[in-house]
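# Geometric and topological summary
For reference, the chains in residue letters:
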Amino acid sequence: MKVFAILIIVGVMIFGSLSVNAQEIEDDGYNPNSVHPIHENDIMYKKRVWRRMDLREKQNQPFFAFNNEVTKIMIEAVMKGDLYAYQSDSLSNRYTKEQFEEQLTIPELGGGLSDEEKALGFSEDDGWGDSGWGDEGDSDAEEQEVISDLFLPNQVNVLEIMEDIIFDKKRSRLYYDIQTIKLVLPPELFDTGLEKVVATFRYKDLEELFRKTPHAYWFNPQNSREHKNLSDAFALRLFKANLVKVENPEDSYIVDIYNKSPKQGIMASQWLENEIIEYEHNLWEF
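Residues numbered from 1 in each chain as written. Predicted model: local features only at pLDDT ≥ 70, side-chain atom pairs only at ≥ 80, totals over all residues. Heavy atoms only, no water.

It is worth spelling out the overall build of the protein at this point. Along the backbone of the protein there are nine helices and nine strands. Burial analysis of the protein (286 residues in total) assigns 35% to the buried set. Sequence separation of at least 24 residues holds for 63% of the intrachain contacts in the protein that already meet a minimum separation of 6. Accessible surface computed for the protein: about 18500 Å², of which carbon and sulfur atoms make up 53%. (Helix = DSSP H or I, 4+ residues; strand = E, 2+ residues; numbered from the N terminus. Buried < 20%, exposed > 50% of the residue type's maximum accessible area, 1.4 Å probe, protein only. Contact = heavy atoms within 4.5 Å. Areas by Shrake-Rupley, 256 points an atom, 1.4 Å probe, with all protein chains shown as cover.)

In structure tokens, the structure reads:
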């Protein structure tokens, strides 16, 4: 009986030890989404920001070289199953390949009935509704089917970058730690004038993808010998991306906070960017 009791106690101790170790591994003080994580005890200052990167701008064109667009590399990787696409910045829910394709699909109506025609009783089952005009097998009926296609990678020309600005007190350095990148379809592609977010990607996954993809390079127009891997280009901050949101209680974009005019929103974005630069500068005066 004593031996049985001892075995139970030992089993409880071992199970408790495994649970503690598992918890320590799960929460070890490092951000699992960071390429170069910094321990939370070494973080003196941290601010999360969102930036909009228009790949059509001159400074960003090396990321968008013909037939070697960064968006093409990302989309092809998802289609091959080499990259996960997520539904939001939280990175909690993934898209399936079919859902991702649906996000990129352009629906086109080829000669369908208008709302007024449908209200008058016409049907899309045949050419002229129930009146008996035309044949059900008429070739015109085929033209009424929905034709689906996918947006081309060079049409997905906007990236939204979410990153943490961190001051590491151990190394006395300010780091820009990219967390996620969104693929965004620009508003001019839609009649509504609203942009569409295709999917969100964990930057740590993208960094790994870029490293192992030979043609994933930043195009150097001045010297083709000095093309850089896209991971290095992002790390060196060779892109231009305007500040569009700084974390706030209402999760509002800058243009929503400073909304008296478009000009005010643009000026506020630059002002907040200068504040971040000034904060970094002032750190060295103490």
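Okay, back to it.
The tendency in soluble globular proteins is for nonpolar side chains to be buried as a group. In terms of nonpolar packing, the biggest core is built from 37 residues, with Met53, Phe63, Phe100, Ile181, Phe201, Leu206 and Phe234 touching the most fellow members. Among the secondary structure elements, those contributing two or more residues to this core are helix H2 (70–80), strand E4 (158–168), strand E5 (173–185), strand E6 (196–202), helix H6 (203–212) and helix H7 (230–235). No other element matches the six residues that H2 contributes to this core. With residues near it in sequence (within four places) discarded, Ile181 still touches Met74, Leu159, Glu160, Ile161, Ala199, Thr200, Phe201, Tyr203, Leu206 and Phe234. In this structure, Ile165, Ala268, Leu272 and Leu283 belong to the second largest nonpolar core, which totals twelve residues. (Core = buried A, V, L, I, M, F, W, Y, C linked by side-chain atoms within 4.5 Å.)

Below, the discussion takes up the sheet that holds E5. Taken together, five strands build an open sheet; the order of strands is E6-E5-E4-E1-E9 and the sheet is antiparallel. Of all strands in the sheet, those bounded by a partner on one side alone are E6 and strand E9 (242–246). Each strand axis lies, on average, 30° off the axis of its neighbour in the sheet, ignoring direction. One ladder, built from four bridges, connects strand E1 (residues 43–54) with E9; its direction is antiparallel. Along E9, the bridge assignment pairs Arg52 with Asn242. (Pairing = 2+ DSSP bridges. Axes fitted to C-alpha atoms, helices over the stretch in contact; angles between N-to-C directions.)

What follows covers the packing of aromatic side chains. Each aromatic ring pair is described using two quantities: the centre-to-centre distance and the angle formed by the ring planes. Counted by the stated rule, this structure contains eight aromatic pairs. With centroids separated by 6.4 Å and ring planes inclined at 5°, the aromatic side chains of Phe210 and Phe234 adopt a geometry described as stacked. Of this pair, Phe210 sits in helix H6 while Phe234 sits in helix H7; the two residues are 24 residues apart in sequence, bridging distant segments of the chain. Assessed through its relative accessible area of 2%, Phe234 is described here as buried. Through a chain of ring-to-ring contacts, the aromatic side chains of Phe63, Tyr203, Phe210, Phe234 and Phe239 assemble into a single cluster. (Phe/Tyr/Trp six-rings, centres within 6.5 Å; stacked < 30°, edge-to-face > 60°.)

Turning next to H6. Of all the positions in H6, only Tyr203, Asp205, Leu206, Glu207, Leu209 and Phe210 are classed as buried. Residues of H6 that are buried make contact with H2, E5, E6, strand E8 (228–229) and H7.

Turning to unusual backbone geometry, a few remarks are in order. The phi torsion at Asn67 lies on the positive side, around 65°, for a residue other than glycine. Considering the arrangement of structural elements, one finds Asn67 in the loop between E1 and H2. Notably, Arg237 is not glycine yet its phi reads approximately 60°, a positive angle. Mapped onto the elements, Arg237 comes out in the loop between H7 and E9. On the accessibility criterion, Arg237 (27% relative accessible area) is partly exposed.

Glancing now at the packing of H2 against H6. H6 packs onto H2 with a crossing angle of 100° between their chain directions and a minimal axis gap of 11 Å. Considering the angle they form, H2 stands roughly perpendicular to H6. Here Val70, Ile73, Met74 and Ala77 of H2 lie close against H6, whose contacting residues are Leu206, Leu209 and Phe210. Looking at the contact of H2 with H6 residue by residue, the class counts come to seven nonpolar, no polar and no charged. (Parallel < 35°, antiparallel > 145°, perpendicular 65-115°, else oblique. Nonpolar A, V, L, I, M, F, W, Y, C, P; charged D, E, K, R; others polar.)

Considering every residue of the protein, the mean pLDDT works out to 83; 75% of them sit at 70 or more. Every residue in residues 126–139 is under pLDDT 50, and counting partners more than four places away or in other chains gives nine contacts. Low confidence marks residues 141–147, where pLDDT is under 50. Its contacts with residues over four positions away, or in another chain, come to 15 contacts. (pLDDT = per-residue confidence, 0-100.)

Relative to the helices and strands, Met53 resides in strand E1. Taking the C-alpha atoms as reference, Met53 lies 6.6 Å from Asn242; in sequence the two are 189 residues apart. Look past the residues within four positions of Met53 in its chain and what remains in contact with it is Asn60, Phe63, Asn157, Val158, Leu159, Ile161, Phe234, Phe239, Lys240 and Ala241.

Structurally, the position occupied by Phe167 is in strand E4. When the C-alpha positions of Phe167 and Met44 are compared, they lie 5.7 Å apart, and in sequence the two are 123 residues distant. Every residue in contact with Phe167, bar those within four places of it in the chain, is listed here: Asp42, Ile43, Met44, Tyr45, Ser172, Arg173, Leu174 and Leu283.

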